[in-house]
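# Report on the structure
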Amino acid sequence: MRAAVRALVAAAAAAAVAAPAVVSTSTAAWREDEWVHGLTATSSLRCGQDEGFTATSAGRFLSGSLLGTDLDPVAALQGVRLVRAADGTLTVTPPTAIDPGSPAPTATRLNPLTASALNVVGLDLTGLGVGLPAGSAGALNQYAQVSGHGTAAGAAGLVNDSGGVQVTPTTPSDQLPGPAYVSLGTLLPAITNLADTRLRVGAVASSAQLDGCADLRALLWGDGTATGAVRSYGVADVGLRTSSPVLGQLVQAVNATVGTLQTNLGTLGGTSGPIAAAIRTGLLGQLGAGLSLAPLSGTVTVSTPDVAGAVAPLLTAPLTDGVVTLNLSSGVVDVDLDALLGYAPGALSSQPPNTEVVLSAAVLNPLLTRVGALLDTWTGQVVQALLTAVRSATVTVDLTTTVAASATVPVTGPVTVNVAGVRVQLTAPVGAILDSAAGTAVPPTAAVTVTATGLTGTLVNTVLGVLGLSLSSITGALNGSGAALLGLVAPVLRTALVVPVTTLGTTLATLSGTLVTALSSLVTVLPSVVSLMLNVQPDRPGAPPGEPYTAGTATSTPEYRVTALRLGLARYTSSADVAHVRFATSTAGPVGAP
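Residues numbered from 1 in each chain as written. Predicted model: local features only at pLDDT ≥ 70, side-chain atom pairs only at ≥ 80, totals over all residues. Heavy atoms only, no water.

Moving on: the overall build of the chain. Along its length, the chain carries 12 helices and 25 strands. Of the contacts formed within the chain by residues at least 6 apart in sequence, a portion of 76% connects residues at least 24 apart. (Helix = DSSP H or I, 4+ residues; strand = E, 2+ residues; numbered from the N terminus. Contact = heavy atoms within 4.5 Å.)

Here it is as structure tokens:
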């Protein structure tokens, strides 16, 4: 009877003129019900009951070639494959694959990879072993199952021990493991200020399930449309990562300015410091010829705000807009490519077969705008934080000096006498002094107190008379000099505390432009080096050329294959030098009639 079935299958296949099978996108469970089509001999093919089908299935996480290394023969990357003969003989590759146990005539094997054990140049899968969701068999699982009833299933990637895909459009990000990385360094040209450019691949998974009996039955007695195959896949995310010393230089520039400000804050004070010197200059400006000032005595202090602490959080927190992340501490630029290219969250896992993720300069250019905006915002925050810190410093002045008058008196000759004592007092924030000088705020009080020395006798009056001055004129000039003194102190503060910050802003803007220029070079060359395709199914339209696939025969179904993500690589200097890496490939079939 089995021979008759085979003959019927062969005849039906010939009648179908080898029409290509169309795979249903239904996610229904495998159908193992008996199909009865009238009272004819064709009802003898009983799905779920008849045994003796041949079946093949496989799951492999990684295949292809990378940086000159053919990944297929690498033992550490070996997948799992089951082949069932009609007599029930099972061929297991590798023989060491784990048997989780299945009721006859079903056989199941697992061969999970260990990320930490892999050592392939240009490939880093260790992230896939971190942060696995509950119930996961691992992000590098490989699964195969066949049955004498004509069913076959393969799965790879983040799947459970039953072959179920655990990467879906609705899977929360905190339920996914870390990413894998593929190095692009040797494929790209040297780009100044960029290094270690890598493609980031998040959790991936695929599954292929086939009810071969249902497929064969449709071929025999239906319309030839395959109904027993279900393929699914999932890709959590795809990103780009590169490193730039410019990010570190930004931090270095800020730290250097912090050091300058701290030094300047410490040297502004004292009776010989620049604030005291400005006050002395201002007092002298109020005095006429023949008058002089004794050295200043007293105190000038400037409080020292925590300038470093003001910017510390800005130097460690990553800069991100949800699509681009700049890590100032590590120098890493991380780009969520799927979001940059306009894919909604989870959309990478719900694309039609053979969907190409288009990479072009036009779609990648928004990366430059985003990086520029992040750095502009950050620069403004740094400048504002530093200005706020230094403006909060308090200037405290309490200085005293003596005004002396010198003249040549008839008969007596040259004479110098002390005329008045002067005291200058000021307590104000740096910001208030600067704002008053700019005319945007009411000036703080700078008190100048003048006290006669008590030497008001004939000699003092004579000396002042020779100079054409009077004690009252001197006192009046000095008592009204407070505003003028503030006007002289303000430039000192601006030079020491504001100019270094504004100069830093210019420096940061220049460095930001340097990073954007480097990334622009990467955006220009990347499309010629990297191509991405989702949900690769070799038997469907639009599949990349050369993808392996076993067609159906007169007595067997086709092989139903799906790869979650195919990464095409070409060396920038020679587009013909092409390699490719397949992530999470699953196959179910062929299944042959009894």
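Next, the rest of the story.
Turning to the nonpolar core, a few remarks are in order. Side chains of a nonpolar character, in soluble globular proteins, are inclined to be buried together. Counting residues in each nonpolar core, the largest one holds 160 residues, and the members touching the most others are Ile275, Trp378 and Phe583. In terms of residue count, the dominant contributor to this core is helix α12 (residues 482-525) (19 residues). The contacts of isoleucine 275, once residues within four sequence positions are left out, are Leu268, Val300, Val302, Val395, Val397, Val489, Val492 and Leu493. Listed in part, the 11 residues of the second largest apolar core include Ala153, Leu158, Leu176 and Ala203. (Core = buried A, V, L, I, M, F, W, Y, C linked by side-chain atoms within 4.5 Å. Buried < 20%, exposed > 50% of the residue type's maximum accessible area, 1.4 Å probe, protein only.)

On to the sheet that holds strand β8 (residues 151-157). Pairing in this open sheet of 5 strands is antiparallel, and the strands run β5-β7-β8-β11-β12 from one edge to the other. The open sheet has two edge strands with one neighbour each: β5 (106-110) and β12 (229-235). Neighbour-to-neighbour, the strand axes of this sheet turn through a mean angle of 5°, independent of strand direction. Relative to strand β11 (residues 204-211), β8 runs antiparallel, the two sharing 7 bridges. Note that in β11 the partner of alanine 155 across the bridge is serine 207. (Pairing = 2+ DSSP bridges. Axes fitted to C-alpha atoms, helices over the stretch in contact; angles between N-to-C directions.)

Attention shifts here to the pattern of salt bridges. Here the structure, examined in full by the defined rule, presents 12 salt bridges. Arginine 370 is the salt-bridge partner of aspartate 321, the closest N and O atoms lying 2.8 Å from each other. With aspartate 321 in the loop between β16 (319-320) and β17 (324-327) and arginine 370 in helix α8 (residues 366-391), this pair connects stretches of sequence that are 49 residues apart. Overall, the relative accessible area of 33% leaves aspartate 321 in the partly exposed class. (Salt bridge = Lys/Arg side-chain N within 4 Å of Asp/Glu carboxyl O.)

Glancing now at the packing of helix α5 (residues 307-316) against α8. In contact at an axis separation of 8 Å, α5 and α8 are set at 165° when each is read in the N-to-C sense. When the interaxial angle is binned, α5 and α8 end up roughly antiparallel. The interaxial crossing formed by α5 with α8 has right-handed handedness. Residue-level inspection shows Val307, Ala310, Val311, Leu314 and Leu315 of α5 in contact with α8, the latter providing Trp378, Gln381, Val382, Ala385, Leu386, Ala389 and Val390. (Parallel < 35°, antiparallel > 145°, perpendicular 65-115°, else oblique. Left-handed = near helix turned anticlockwise from the far one by under 90°.)

This part is about the state of the cysteines. Scanning all chains against the criterion turns up 1 disulfide. A sulfur-sulfur separation of 1.9 Å characterises the disulfide bridge that pairs cysteine 47 with cysteine 213. Its S-S torsion of approximately -90° makes the covalent link between cysteine 47 and cysteine 213 left-handed. Of the two residues, cysteine 47 sits in the loop between α1 (2-15) and β1 (54-66) while cysteine 213 sits in helix α2 (residues 212-221), which places them 166 residues apart along the sequence. (Disulfide = S-S within 2.5 Å.)

If you trace the 7 strands from one edge of the open sheet to the other, you get β6-β9-β10-β13-β18-β17-β16, paired in antiparallel fashion. The sheet terminates laterally at β6 (123-124) and β16, the two strands that pair on one side only. Relative to strand β9 (residues 180-183), β6 runs antiparallel, the two sharing 2 bridges. Looking across to β9, one finds that leucine 123 is bridged to valine 182. Each of β16, β17 and β18 (332-336) touches α8; the most contacted strand, β17, lies at about 50° to it.

So, about α5. Residues of α5 that are buried: Val307, Val311, Leu314 and Leu315. Projected down its long axis, α5 carries its buried residues within an arc of 100°, all on one side. Close packing links the buried residues of α5 with α3 (245-267) and α8. (Arc of directions from axis to C-beta.)

A few words now on the packing of aromatic side chains. Tallied over the full model, the rule gives 1 aromatic pair. Ring geometry for phenylalanine 61 against phenylalanine 583: centres 6.0 Å apart, planes inclined by 80°, an arrangement best described as edge-to-face. With a gap of 522 residues between them, phenylalanine 61 in strand β1 and phenylalanine 583 in strand β25 (residues 574-592) connect regions that are remote in the sequence. By the burial criterion, phenylalanine 61 is buried, and phenylalanine 583 matches it. Lying over the aromatic face of tyrosine 181, arginine 198 brings its terminal NZ or CZ to 4.4 Å of the ring centre. (Phe/Tyr/Trp six-rings, centres within 6.5 Å; stacked < 30°, edge-to-face > 60°. Lys NZ or Arg CZ within 6 Å of the ring centre and 35° of its normal.)

The predicted model of the chain has a mean per-residue pLDDT of 85, with 87% of residues at 70 or higher. Note on residues 1-43: pLDDT under 50 across the span, and 70 contacts to partners over four residues away in sequence or across chains. (pLDDT = per-residue confidence, 0-100.)

With that settled, consider the side chain of aspartate 338. Tracing the sequence through the fold places aspartate 338 in helix α6 (residues 337-340). Of the side chains with opposite charge, arginine 200 comes closest to the buried, unpaired aspartate 338, at an N-O distance of 5.2 Å. Discounting residues that sit within four places of it in the chain, aspartate 338 has contacts with Ala236, Asp237, Val238, Tyr343 and Leu348. (Lys, Arg positive; Asp, Glu negative; His and termini not counted.)

A few words now on the pairing of β8. Burial analysis of β8 places 7 of its 7 residues in the buried class, the great majority of the element. Examined bridge by bridge, strand β7 (residues 141-147) and β8 share 6 bridges and lie antiparallel to one another. If you follow alanine 144 over to β8, its bridge partner there is glycine 154. Counted between consecutive antiparallel strands, the loop separating β7 from β8 contains 3 residues, among which glycine 150 sits at a positive phi close to 95°.

We now examine the environment of serine 481. Residue placement: serine 481 occurs in the loop between α11 (471-479) and α12. Serine 481 has contacts with Leu283, Gln286 and Val448, leaving out every residue within four places of it along the chain. One polar contact links the side chain of serine 481 to the main-chain carbonyl oxygen of leucine 478, over a distance of 2.7 Å. (Polar contact = N/O pair within 3.5 Å; in protein donor to acceptor, adjacent residues only side chain to side chain.)

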